[in-house]
Each structure stands twice: as C-alpha cells, then as structure tokens.
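# An overview of the molecular structure
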There are 2 protein chains.
Amino acid sequence: MRVSKVNSGPGMTVTAKPDNDTGSPAAPARTHTIDAFHQGRFFLVQCADAGHRAGMDAMLLAATIAEGARGRLADLGAGAGAAGLAAASRLSGLEVVLVERAPAMLECARRTLALEQNAALAARASLIDADVGLRGNERIAAGLENSAYDFVIMNPPFNAADDRQTPDPLKAEAHAMDGADLFERWLRTASAMLKPGGQVSIIARPQSISDIIASLGRRFGGAEITPVSPRAGDDAIRILVTAIKGSRARLVLRDRIVIHQGEGRDFSPLMHDLANGLADWPRRG
Amino acid sequence: MRVSKVNSGPGMTVTAKPDNDTGSPAAPARTHTIDAFHQGRFFLVQCADAGHRAGMDAMLLAATIAEGARGRLADLGAGAGAAGLAAASRLSGLEVVLVERAPAMLECARRTLALEQNAALAARASLIDADVGLRGNERIAAGLENSAYDFVIMNPPFNAADDRQTPDPLKAEAHAMDGADLFERWLRTASAMLKPGGQVSIIARPQSISDIIASLGRRFGGAEITPVSPRAGDDAIRILVTAIKGSRARLVLRDRIVIHQGEGRDFSPLMHDLANGLADWPRRG
C-alpha cells in the first residue's frame, strides 16, 4: 500500500487508489485508499467503495477539543479513526482510544495505526473492539473503563427516513440508527467513561437535537449547540454539541459555523482551518 | 389619556407617561403609557413601571405569520396584546383573539382595544379572560373553542434561575415559569384550538428548546427553529419556533436572525423590518 496522492486540501476530499497489498494475512478483499488529512499531517486507510468515509463531520468533531487540552480521549464509533486521530494530530498532549465494533472498520483503523506515516501519532493511539451500547460489567470487560477519560467524542451512526437508501450493507450499518434510543445508550456509555467534569462532544443531524438533550439528561450540563450550515442563510445540516459531565449550567445555542463562502465550493476561512486542524472550536463555558 | 410621543422607531423602545386618566370607572391606580408600534400604525396601553412590557419578542412572534395569511389567530398569554395586534396590523385578513388571565394585563388589553387610534384594528380583535392551561370542557367553557383557529401564537411566561429577580409581583407572574410542564400545557391547548394543518408559533429562551420539542410531540410536526442573536457571533438569546398541527415533517434548524448590526444599538435591516411590521419571517416548509 502506498499513498497515491497527498491531498493537502481541507481533509474532506479523499483520494481513491486500488489496494493491491496482498501481503498481509488480514488483507480484506475490498479496495482501500490511503487518504491524507490535516494537510498531510496524518493519514487514514479507508474502504474505497463502501463503509462510512470520513470527512467534514469528523474534523468538526475533533475541533471541539480546545487548544492546549491534555489527557485521555475516547472516540466512540470511531470508524477508521478520523475524528480521534484528528484530535491527537493537533494536540500532542492527547492519548486517544478508538472504539469500534464493525470488523471492516476495525481493519481500516488497524491499518491506519500501522501506517509508517502515522508512526508518531500511533504511539499515542490504541484500538478497542467493542459495542458502544454495552452496559455495566460487560462494558468494562470490553475495555471501556469507568471514569477514566477526559474527553469522549462521538459521531454516531444516523439515518433519516428520507435519506437515499444504499444497497451496501457496510454503509448501511454505519448509517443506521440503532433504534430511537441510540443517543441514550451512547451517552450513558460516555457518561460512565468520563471523569467528573469531563467533556462529551457529538456531531449529529439537527432533527436529533431533542433526543440528544434528553439523553444528556442529568448526566451532563452546560450543553453548547453549534449549528453547521452549508452557506449563510441556509438551514443547518449538522449540529455540533458539547456538554460537561456533572455540570448544572444551562444550555447555550451558539452562532452557526458556515461551511462554504460565496457561491462556489470554497470553504469559509474558519471551516478551512477547522477542517485542517489549524483552529479549534472551544467551548464558551 | 393621550400619546405623549409617537415612537416611530423599531417598536421596542416605549414612551413612559403618567396616566392621569381618572374618568374611567375601571381606571387602575397604576401609571400607564401608550406606546406606538409599527411606526405608529397601532398602539398599546401598558403599565409604565410594572408587568411585562412588550417589545422585540412580540414583534418577532407576529412576524412568523406569513404575508397574505387569512383566518383566525389566537394569541395565548397575550399580555397587553402586542403580538396578536402586530399580526393583525400587518395582515388585514386576520381576526385575532387575545387570551390572558392576569387582571392588570387584561385591563391594559381592554384599554388598548378601546383606543381611538386602534379603532380599525379593534374591529378584528377580541379578548378572552382565561387561563391557557385549562383542559377539556373547562377550556371550551372559557371560550377557547376546539379546532377553530388557523394560527396560535404564544410568548409564554419564562424565568431562568439566573435572571435578575424583581420584587414586582405582577412582573414576577409574567416571567414566572409555571413549573416544568408549561410548554406541555400551553401546546396541548394550542393543538386543541388549531384546525388540522394550523400553525403554532412560539418565542422562548434557547434553554427551553428540549421542553418545546418534547411538548410539540406527536401533536405537531415540521418544527422550524430560528435562533435569535444580538449580534453576529453571539449566542442566541431567543428561539423562534413554528410547527404544523398533524404534520410528520422533520425538524429544521434555520439560520439565525441577528438583531443588531455593527457595534451600536442600530437594528440590522431585517430586524428593523420585522420589528416594524414591514417584513415577515415565513416558514420554509
């Protein structure tokens, strides 16, 4: 496997390259790509034609970890590891754990951590094969310790009824909402894993806003919600939510992040910097 | 009583004038003002020193009724009638019912409808003395008919723990949250009063977003939420929510309305027009 092209752009566009590496015993039949993020400061191995492909969502999620942050971060439902590794790439004081259950994604994450180009990053990253929805002792047995993390980030699988359907079962798993209680289960796990005062970060669709606030419940407070819109004047396509374990502070609705400037496909200066690990989107509170 | 000064500005600033009218048998002891809204196109009688004073919130709420709208509108918790009368002032095809339970506010609303300057408007407006939280037959007996309205608007009393406290009991009533189920009770009433397909509009604080969505529940769909922020980059201080009775459409988070432009107290052009009844803020869907 080699990097076909370093995409030093905003980290959203990925390069596709047939994966002819047959040397590894675990090499899957699927075609993989190696994609550059953060202007070539780290790389991801991803399925070329199937599965969730990392992009803007993962970069925005990573941006919620404030400049200067240190400690342990868990990326729940990490996929190939984009969000967790983006946080670790920007913040040298972070140790990250990628949590994923889908075998094909786990394989991508394993290959990602094994990449020569990621050697420095991989020293601060590890992988846990576990279902985020596990409870109590089962969760702990799977390696998800209680009260052990400073940050938990999540880009949960979601799917809305009017989304285009895909025949790809791997992609379907990544995008499928596991019932209406997904946020309840994922935030219960996040709360258990976080130290008191730890921060959870979530990227989701606007229609999940009520489920998310309800599931933050009494576990978390100080929710800060940032809408993310394609252009000024547009409806939001994502919300970026952070909250603090045990806080009683009230909810804040922040000004939106606008992705594109003008009529073309150019990023706004803020989005460019967030997508490339050159800026953070820290909490107000 | 006479108008001390016509404020033809944005409808937020009000003029205070001692009320020396002692001719009316119902004249209360409090000092009243007559305040111009919509650049002098209608007027409100309000308590000068006590009670909720109408302003930007009421004007934004009225702006959610789209240009060209016709039919019956109920303003729940109408206070002196600002929001309902602002809608009627802009839309000549609307008949409005102001619903209020606080005697002092009812008195203001009565005096408002009796003002010579409001004669044309008052022909399309009426007043119901009722508690919005009434249920079933009690609500109907109080004059709030089922399935009889095209629009219901509400600016419910709210109060957050960190709001500055006021010793004024009338103001305290207007700002007091009647327990956590306020939105549940008010939206139950709104749903009962609306025709199928009718629109509810709410202005509230951002921290109420979850209570509102939960209370819209299965009664309403197609919720559209617009944050309202003092300036670009600021957190929202209000949310403007509309939804449709019986709709199954999903929630939309719209771009924010910015109140002030630049550093001073000047309104943004959009806010100026919304506050003065010169523009609407119609639904997308």
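Residues numbered from 1 in each chain as written. Chains lettered and ligands numbered in written order. Predicted model: local features only at pLDDT ≥ 70, side-chain atom pairs only at ≥ 80, totals over all residues. Heavy atoms only, no water.

### Description of the state of the cysteines
Residue and element names in this part refer to chain A. The final tally for this structure, using the stated rule, is 0 disulfides over all chains. Here Cys108 stays free of any disulfide, with the sulfur of Cys47 as its closest cysteine sulfur at 3.8 Å. Overall, the relative accessible area of 0% leaves Cys108 in the buried class. (Disulfide = S-S within 2.5 Å. Buried < 20%, exposed > 50% of the residue type's maximum accessible area, 1.4 Å probe, protein only.)

### Quick notes on the relation of the copies chain A and chain B
Of the transformation superimposing chain A on chain B, the axial component is 0.0 Å and the angular component is 180°, with the fit at an RMSD of 0.0 Å. With respect to symmetry, the two chain copies, as superposed, fit the operation of a two-fold axis. For chain A, the minimum C-alpha distance to the rotation axis belongs to Ser210 of chain A and amounts to 2.6 Å. Most of the interface of chain A is mirrored in chain B, where 100% of its interface residues are also at the interface. (Least-squares fit on C-alpha atoms with pLDDT ≥ 70 in both. Contact = heavy atoms within 4.5 Å.)

### Some remarks on the nonpolar core
One broad trend across soluble globular proteins is that nonpolar side chains are buried collectively. Core analysis: the largest hydrophobic core is formed by 70 residues, its most contacted members being Val200 of chain A together with Val200 of chain B. Not counting chain neighbours up to four residues away, the residues in contact with Val200 of chain A comprise Val152, Met154, Leu187, Ala190, Leu194, Leu216, Phe220, Val241, Thr242 and Ala243 of chain A. Counting residues in each nonpolar core, the second largest holds 45 residues, with Ala88, Ala125, Ile203 and Val228 of chain A among its members. (Core = buried A, V, L, I, M, F, W, Y, C linked by side-chain atoms within 4.5 Å.)

### Describing the interface of chain A and chain B
Contacts between the two partners involve 23 residues from chain A, matched on the other side by 23 residues from chain B. Taken together, the two surfaces of chain A and chain B that pack against each other cover about 2000 Å², and 50% of this comes from carbon and sulfur. Joining chain A to chain B, the criterion identifies 4 salt bridges. Residues Arg256 of chain B and Asp255 of chain A are paired through a salt bridge, measuring 2.5 Å at the closest nitrogen-oxygen approach. At the junction of chain A and chain B, the tally comes to 10 residue pairs in polar contact (both at pLDDT 80 or more). Of all the secondary-structure elements, those providing two or more residues to the side of chain A that touches chain B are α8 (209–216) and β10 (252–253) of chain A. (Buried area = accessible area lost by both parts, 1.4 Å probe. Salt bridge = Lys/Arg side-chain N within 4 Å of Asp/Glu carboxyl O. Polar contact = N/O pair within 3.5 Å; in protein donor to acceptor, adjacent residues only side chain to side chain. Helix = DSSP H or I, 4+ residues; strand = E, 2+ residues; numbered from the N terminus.)

### Focus on the pattern of salt bridges
Proximity of charged atoms lets side chains of opposite charge pair with each other. The final tally for this structure, using the stated rule, is 28 salt bridges over all chains. Salt bridges here are not isolated pairs; linked through shared partners, they connect Asp255 and Arg256 of chain A together with Asp255 and Arg256 of chain B.

### Section: the packing of helix α1 (residues 56–63) of chain A against helix α2 (residues 82–90) of chain A
Residues and elements named next belong to chain A. One can describe the packing of α1 onto α2 by two numbers: an axis separation of 8 Å at closest approach and a directional angle of 45°. Accordingly, the angle class assigned to the pair α1 and α2 is oblique. Pair α1 / α2 crosses with right-handed handedness. For the pair α1 and α2, the contacting residues are Ala58, Met59, Leu61, Ala62 and Ala63 in the first and Ala82, Ala83, Ala86, Ala87 and Arg90 in the second. Among the residues forming the contact of α1 with α2, the class breakdown is 9 nonpolar, no polar and 1 charged. (Axes fitted to C-alpha atoms, helices over the stretch in contact; angles between N-to-C directions. Parallel < 35°, antiparallel > 145°, perpendicular 65-115°, else oblique. Left-handed = near helix turned anticlockwise from the far one by under 90°. Nonpolar A, V, L, I, M, F, W, Y, C, P; charged D, E, K, R; others polar.)

### Observations concerning the pairing of strand β9 (residues 238–245) of chain A
Residues and elements named next belong to chain A. Among the 8 residues of β9, 8 are classified as buried, and the element is accordingly described as predominantly covered. Sheet topology places strand β7 (residues 194–204) next to β9; 6 bridges connect them, and they run antiparallel. Counted as the bridge partner of Ala204 is Ile239 from β9. Where strand β8 (residues 220–229) and β9 come together, 7 bridges link them in antiparallel fashion. The partner of Pro227 across the bridge, within β9, is Ile239. (Pairing = 2+ DSSP bridges.)

### Points about the side chain of Arg188 of chain A
Residue placement: Arg188 of chain A occurs in helix α7 (residues 182–193). In this structure Arg188 of chain A is buried but unpaired, with Glu184 of chain A as the nearest side chain of opposite charge at 5.3 Å. (Lys, Arg positive; Asp, Glu negative; His and termini not counted.)

### Some points on the packing of aromatic side chains
Residues and elements named next belong to chain A. Summed over all chains, the structure comprises 2 aromatic pairs over all chains. On the basis of an interplanar angle of 20° and a centroid distance of 5.6 Å, the ring pair of Phe37 and Phe42 is categorised as stacked. Each member of the pair, Phe37 together with Phe42, is buried. The ring of Tyr149 is capped by Arg72, whose NZ or CZ atom sits 4.6 Å from the centre of that ring. (Phe/Tyr/Trp six-rings, centres within 6.5 Å; stacked < 30°, edge-to-face > 60°. Lys NZ or Arg CZ within 6 Å of the ring centre and 35° of its normal.)

### Side note on the confidence of the model for chain A
Residues and elements named next belong to chain A. Of all residues in chain A, 80% attain a pLDDT of 70 or more, and the chain-wide mean is 86. When the criterion is pLDDT under 50, residues 1–25 qualifies, and its contacts beyond four places in sequence or with other chains add up to 58 contacts. Low confidence marks residues 159–167, where pLDDT is under 50. Its contacts with residues over four positions away, or in another chain, come to 12 contacts. Across the whole predicted complex the pTM is 0.85, and at the interface the ipTM reaches 0.83. (pLDDT = per-residue confidence, 0-100.)

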